[in-house]
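Working through the structure, step by step
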Amino acid sequence: MSDLKTSLLINRQVPEYVREDYPLFISFLEAYYEFLENKQGSQKNDLTKKAKDLRYLPDVDASIDEFEDSFFNNFASLFPRDARVDKSFLIKNVLPLYLSKGSQESFKFLFRLLFDSEVDVVLPKNNVLRASDGNWTIDNILRIETDVRSVYTGDGTNQTFRLAQTVGTGEIDVYLDDVLQTENVDYSIRKETRKVIFNTAPTLNSVVQINYDNFDPSILNNRKATGLTSGATALIESGVPRIITDRLNFGLPFELFINNKTLIGEFVNGEIIRFDVVDSDGNLIVIEADTFSILTKINVINSGASYNVGDPVSILGGGASVPATAEVESVTDGFTSRIVINSSGAGFKVASLIQSNVSPVVITGSVDGVNTSHYTANTYTVTEDVILDYKDVVISDADYGFPGAFTENVNTRIVDALSPVTVTDLGPITNAIILFANTSTNTSNLDTQGAIYQVTSNGGSTFLYDIKDFQSIGRIDVNDGGVSYNVGEEIVFTNPVGTYGVGAAAAISSVAANGMIQTIQIQAPRITGTANIANNNAYIQGTGTAFTSELQVGDKIIISSIDNYILSIVNDTVAIANNDWRLQSIALDTNYANNRNIGSYALGPVGGVNYDVASLPTVSIITENGSDADIEVTSLMGDGENLSAFADADPGSVLSIKLTSGGIGYEFIPQVDLSNYGDGNATANADLGNSYATLPGRWLTSDSIISSSERKLAGSNYYIDYSYVTSSLVEFSKYKNVLKQLLHPSGFVNYATFRKEMETNLGDPSTVSSTSTSIPGTVSVSNGSIFVTGVSTRFNVSNSLGILTVGSNIAIYDQIRTVDSIISNSNISVTSAFSSNITAQTLIVLT
């Protein structure tokens, strides 16, 4: 508006003769206008100024202060007066908002006007499962080497050659008839005009080749590719550099995605691909590149022998422009590698040591498994105390001070003074492994340590013992069970001449319906005499027994293969157990077991002691009706095993071959030659990676994928065609009314969510050098897959906001990938597969 006062202009506006002849009149006019322009009391009487400013009233920028209420009442009555947007800007732009009512853009515009914030509008109908509505694609790619080049033919006069892209000093290599030229000596670069200018024109028919050090493969988009050998042609949809190398780290080729509908013929390995590129000035530039066809793996067929790690492997033929190289990566040491169990023995514990017993052969192994549910004993109890602790105790002392339950003295049984030690989890060997070997000889000269237990003295010293040293009977095998035998019938042991084992006892522990023996149980040593017991009765009637001298109250005993404890001793022939006897199969009379031997666990280790492993006792059965059984003792506790060690391969047998270079330009599979090293008998073949490949198909959308987490069946209120969701950092209550009155489409239902955004800086500057943004929700990926599946994510929304786009680099846990396509709010694909399974992690966009 005008600030120029009229009173100051009077003297210039009247004619000259008036100024000269009537100066008083001029003074009157000036005073009059000064009066109109000045405040009088509480009124501002600048009427001339107001008259001058009438022409500015239609301009909102100039008149918003005075006519704000009028403007809002007429044009923006529904808008809150405290909107954060400039008022004049709001009035001038409210018409486009009204015209776009109901569109997503109008929602975004409204939130920017009112709250200086963004809003996402999500349509639940996009998540409705629709049968046969998904988009499926199969990618076809042509891999080329990155040494892309322009090729020209000299005509003897032309010195200038156009480039396919802008390059600077040191970014190209120029060859003339295969001779490398020197920049600023033989040629110069014009970066702005993308030209190479030779100082002297190349001769007629000479070949000019310009290799690009950092070629941009996107230049090949929508260009025709022609194989010079195969004659195949295709249209390139897009060209991208591969950012994740293969497991051999042999290079990162350019991958050209082919429109399969335009493919004519078949591209072959090892050929040159030509592209015709037209620059912005209409000039044709011929681009060439070699297909990326390398060896990817060498497979060992026959291992041979006597090879060494690092022996060169010859790769012959294949038509490569640069041959691949390889070497022997690993060979067998030829040493003993496994143990075979011929006989499993009894009484072993996991981790028991296995060693060879023939010098200088060294084989060390370990028991890796035992059968603790075998019919042989899975526990072994001995009574032990360190005598050294009592070296100063005399026989006449009233209390020897042993760590037992009694007061020990000269009248105490030795067994009552000792401490019981029980070794558990015992059984025959089921598996054994080699820990170390220095021989490749197959051998059976292996010996296994028995189960080890520890005894601690009163002074704190510890001592280790092997149950094998007791030489107790550990296993009786039933070769033929015979017939008509009964549980509890006694086994008699007979020592071979010259052996002195004592205390072994055993009885039949289970029989079949016809009385055939199934298992025999090794039991506690026997006391004098036999006993009769009745079913469901605790009474023990002895015959020829000496209960008062051979038993004590609390002793554990076994009769007819049933364990019990002594409750009381009446006399030498009568005792009472603490529980009734529960008999099993009893000869002739089902209510009694007569003339059964009595075993007492207090007499010594189960299985006796001092038996000879080289001359085991023979056994027979005391039976009433049984016949034809064949049983034998096969092992002692912690012994009886028969193990053989084997070497599965000759020393120096080839296990694997490592490619040190994949070569370049292979046309067909080459031969692999290992005849110059080792015994010359190893053979192998090679795998060739194809330049042209068809990738596994993938869904571009999840519309018809039933298992997709974001796909829902159409519902009656939310998942319908006429619902929408506004998601913003602004609470719904702040915009509910204005949204409903201004933009809400008739017939639609509105839902709202309040979201939060978080920004974080990744700490490793070598990986990320800028601010990164995390996408809401969590994501999961699978090993070998290119798909990212989200839970509560908004990929489409993030794409609309420019946060996540095709080509964005993303980080999931410790793996960085590039986005290839955005399928839905919870599905995207990346350009290369993930190398591990990742579950419920945050997706971070690297910006």
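Notes on the structure in this doc start here. (Residues numbered from 1 in each chain as written. Predicted model: local features only at pLDDT ≥ 70, side-chain atom pairs only at ≥ 80, totals over all residues. Heavy atoms only, no water.)

So, on to the side chain of aspartate 279. On the secondary structure map, aspartate 279 appears in the loop between strand S16 (272–278) and strand S17 (284–290). Polar side-chain contacts of aspartate 279 include one of 2.7 Å to the backbone nitrogen of asparagine 283. Look past the residues within four positions of aspartate 279 in its chain and what remains in contact with it is Arg162, Arg194 and Ile285. (Helix = DSSP H or I, 4+ residues; strand = E, 2+ residues; numbered from the N terminus. Polar contact = N/O pair within 3.5 Å; in protein donor to acceptor, adjacent residues only side chain to side chain. Contact = heavy atoms within 4.5 Å.)

Taken in spatial order, the 4 strands make up an open sheet running S43-S20-S19-S44, and their pairing is antiparallel. If you trace the sheet from one side to the other, it starts and ends with strand S43 (654–661) and strand S44 (671–673), each paired once. Averaged over all pairs of adjacent strands, the angle between their axes in this sheet comes to 35°, without regard to strand direction. Here strand S19 (residues 312–316) pairs with S44 via 3 bridges, running antiparallel. Within S44, the position partnered with isoleucine 315 by the bridge is valine 672. (Pairing = 2+ DSSP bridges. Axes fitted to C-alpha atoms, helices over the stretch in contact; angles between N-to-C directions.)

Remark on secondary structure: sheet strands pair via backbone hydrogen bonds, oriented parallel or antiparallel. The strand order S9-S8-S12-S6-S17-S16-S13-S14-S15-S5-S46 describes an open sheet built from 11 strands, whose pairing is antiparallel. For this open sheet the edge positions go to strand S9 (179–180) and strand S46 (692–694), each flanked by a neighbour on one side alone. As paired elements, strand S13 (residues 224–227) and strand S14 (residues 233–241) share 3 bridges and run antiparallel to each other. Looking across to S14, one finds that alanine 225 is bridged to alanine 234.

Our next topic: the pattern of salt bridges. According to the stated counting rule, one finds 10 salt bridges in the structure shown. Close ionic contact of arginine 149 with aspartate 290 constitutes a salt bridge, the shortest N to O distance being 3.2 Å. Linking arginine 149 in strand S6 (residues 149–153) with aspartate 290 in strand S17, this pair joins segments that are 141 residues apart in sequence. Between aspartate 447 and lysine 468 there is a salt bridge, with its nearest N and O atoms 3.0 Å apart. Of the two residues, aspartate 447 is situated in strand S27 (residues 446–448) and lysine 468 in the loop between strand S29 (462–466) and strand S30 (473–480); the sequence distance between them amounts to 21 residues. (Salt bridge = Lys/Arg side-chain N within 4 Å of Asp/Glu carboxyl O.)

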